[in-house]
Amino acid sequence: MIQRIQSVWLALAAICGFAMAKVPLFAATLQDGTVRHFLATESLLSFALAIGIAVLSTVTIFLFKDRKTQTKLVWIGILLSAVVIGLQVYSVEGFKTSVNMTQGTYQWGGLLPIAMLIFLFLAASGIRKDEKLIKSLDRLR
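What counts, and where the lines are drawn
- Residues numbered from 1 in each chain as written.
- Predicted model: local features only at pLDDT ≥ 70, side-chain atom pairs only at ≥ 80, totals over all residues.
- Heavy atoms only, no water.
- Pairing = 2+ DSSP bridges.
- Helix = DSSP H or I, 4+ residues; strand = E, 2+ residues; numbered from the N terminus.
- Axes fitted to C-alpha atoms, helices over the stretch in contact; angles between N-to-C directions.
- Buried < 20%, exposed > 50% of the residue type's maximum accessible area, 1.4 Å probe, protein only.
- Expected span 1.5 Å × (residues − 1).
- Core = buried A, V, L, I, M, F, W, Y, C linked by side-chain atoms within 4.5 Å.
- Contact = heavy atoms within 4.5 Å.

Q: Would you explain the sheet that holds strand β1 (residues 24-30) in this entry?
A: By way of backbone hydrogen bonds, the strands of a sheet pair with one another, either parallel or antiparallel. With antiparallel pairing, 3 strands are arranged side by side in an open sheet as β2-β1-β3. The two strands at the open ends of the sheet, each matched to only one other strand, are β2 (35-39) and β3 (101-106). Strand-to-strand twist in this sheet, taken as the mean axis angle between neighbours without regard to direction, amounts to 20°. Across 5 bridges, the pairing between β1 and β2 is antiparallel.

If you want it as structure tokens, here you go:
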């Protein structure tokens, strides 16, 4: 059913993925005192993967009748989410070296890929619980 808890987790993962388009990941204070923000859109590969994971999560919500496919897609999303985290760390480190900065801080947008990973793990857990419930009900018949 679409109203299961994994649908909520998948929707939250999709929201995190789409929000990465507008939220700054890192803020650097330059030597002249100006602040320059690093957005996910500046790294094309990580941005495309984040949007792809968000779309994948949205599509996976509607595959509630085929839990095996839903589980596979969630695990693919988890792996891609880990790749996005690595790519963003690499991109931010490259940004730090390319800009003459005096101080830099990660913004809350840097937590979005981690939140997306956690939500996908929670969705996988919910799907697994549903699968166990269905198997236990089949034994009772």
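Past the structure itself, the notes keep going.
Q: Hey, could you run me through the environment of valine 8 in this one?
A: Structurally, valine 8 can be placed in helix α1 (residues 5-19). Among the residues examined, valine 8 registers a relative accessible area of 41% and is labelled partly exposed. A C-alpha to C-alpha distance of 33 Å links valine 8 and glutamate 93, two positions 85 residues apart in sequence.

Q: What exactly am I supposed to notice about helix α3 (residues 67-98) here?
A: Given 3.6 residues to a turn, an α-helix orients residues that are three or four positions apart in the same direction. The first and last C-alpha atoms of α3 sit 46 Å apart over 32 residues, in line with the 46 Å expected at 1.5 Å per residue. Buried residues of α3: Gln70, Leu73, Val74, Gly77, Ile78, Ser81, Val84, Gln88, Ser91, Val92 and Phe95, and no others.

Q: I'm lost on the nonpolar core in this one. Help?
A: One broad trend across soluble globular proteins is that nonpolar side chains are buried collectively. In terms of nonpolar packing, the biggest core is built from 29 residues, with Met20, Met116 and Leu120 touching the most fellow members. Taken together, the elements giving at least two residues each to this core come down to α1, β1, α2 (44-61), α3 and α4 (112-140). Counting residues per element, this core draws most heavily on α4, which supplies 8 residues. In this structure, methionine 20 is in contact with Ala40, Ala50, Val84, Gln88, Leu112, Pro113 and Met116, ignoring residues within four places of it in sequence.

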